[in-house]
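Below are the chains, spelled out letter by letter.
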Amino acid sequence: MTVRATLAEMGVWAGTELTLEESVTMASPSWWGADSLRCSARSTGADPAAGRAAFVKVMAPHALAYVDLAATFAAATAAGTAGIGPRVHIADVARGVLVMDDLTDTFGTATVDRFDDTAAAARLVALRRAVHALPAFDRRASVFDDIRAAHRLVRDAGGALPLDLDWMLRLLGPAEQRIAAAGYDAVACHGDGNVSNVLFERAGDGLALLDWDCAAMMDPLQDLGVLLQEIRPFDGSAREVFEMYWGSWDGSLFDRCRVYGIADCVRWGLLGRYAGTVSPGTHEYTKFADWQFLRARAGLGDPCFDDRVRNL
């Protein structure tokens, strides 16, 4: 079903004409659009809403297998209310439709280089820490839980798994056990380090978070780990951001962050394989999966990885 037909069925802006504009194309490989159809919509009729722009996200059917829509939409709504994400107008879980403020006139989509600057990185850290204050999410899951779920999805869909996946999982197993033994207090987290989920204010320093598909009650160091994997892949520069987030240095917790970041690459590699299997019209998601598995191999094959695990 098209976005136009979906909105008409929902009675959104009934009796008015909608002007739809597809979202921009991202560089390859990209996860953009893998789990949803996104567009902007503007009512042009006599309705009181005429002229107001909204951003519409319609979830792809296959995404329902790995996205908890109720938790995701609730998190997006809470973030909008708290002012750390676009304000949500419609969150229809049954139809998989999320309608929120369209901020494209005043905000742009962030890229990794934007956070090379220490001050900008500090603002991003503050934004992600603000998520902890949101009401508790209904979903609770670690990256290891998500890996197991994604593994089952690919296998059940008949997708091709990497020949060395068992090696990856075998190395991550002791890390999961040590983290579980050490324990942690789960808090509300965004859970996705991809900076394309961050909007930056063009005429100011404001930031906003999008795409709450990974949101869950989780170890806050997992949230930090996926962020470091994205904006600070090397330990030397990652330490600065860790201390911004945690408030002090702790070598064991830093290693936990790094392990989480590597595990997250395995998770996204599996989800990319699943999306490529069930939505075979493009090779984009398979390329994305290959890239994520490559990053995971680099981290797991690092001579320091065993030391990280022992230090957890």
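Reference entry: report on the structure contained in this document. (Residues numbered from 1 in each chain as written. Predicted model: local features only at pLDDT ≥ 70, side-chain atom pairs only at ≥ 80, totals over all residues. Heavy atoms only, no water.)

1. Some remarks on helix α3 (residues 118-130)
Each turn of an α-helix holds 3.6 residues, which means side chains three or four residues apart point in the same direction. Taking 1.5 Å per residue, 13 residues should reach 18 Å; α3 reaches 18 Å between its end C-alpha atoms and fits that length. Taken residue by residue, α3 has A120, A121, L124, V125, L127 and R128 as its buried positions. Along the axis of α3, the buried residues cluster in a sector spanning 160°; they form a single face. Buried-residue contacts for α3 involve β8 (198-201), β9 (207-209), α6 (220-231) and α7 (235-246). Among the residues of α3, the N-terminal cap falls to D117, whose side-chain oxygen and the backbone nitrogen of A119 are separated by 3.1 Å. (Helix = DSSP H or I, 4+ residues; strand = E, 2+ residues; numbered from the N terminus. Expected span 1.5 Å × (residues − 1). Buried < 20%, exposed > 50% of the residue type's maximum accessible area, 1.4 Å probe, protein only. Arc of directions from axis to C-beta. Contact = heavy atoms within 4.5 Å. Polar contact = N/O pair within 3.5 Å; in protein donor to acceptor, adjacent residues only side chain to side chain.)

2. So, the pattern of salt bridges
Tallied over the entire structure, the rule returns 21 salt bridges. Between D101 and R87 there is a salt bridge, with its nearest N and O atoms 3.5 Å apart. Residue D101 is located in strand β5 (residues 97-101), and its partner R87 is located in the loop between α2 (69-82) and β4 (88-92); the two are separated by 14 residues in the primary sequence. A salt bridge links E176 to R148; its shortest N-O distance comes to 2.9 Å. With E176 in helix α5 (residues 165-182) and R148 in helix α4 (residues 143-157), this pair connects stretches of sequence that are 28 residues apart. Each member of the salt-bridge network shares a partner with another, and the members are R139, D146, D264 and R267. (Salt bridge = Lys/Arg side-chain N within 4 Å of Asp/Glu carboxyl O.)

3. So, α7
Along its 12 residues, α7 runs 15 Å from first to last C-alpha, staying within 8% of the 16 Å computed at 1.5 Å per residue. Of all the positions in α7, only A238, V241, F242 and Y245 are classed as buried. Summarising the axial view, the buried residues of α7 lie within an arc of 110°, below the 170-degree limit, and thus occupy one face. The inward-facing, buried residues of α7 contact α3, α6 and α8 (251-278).

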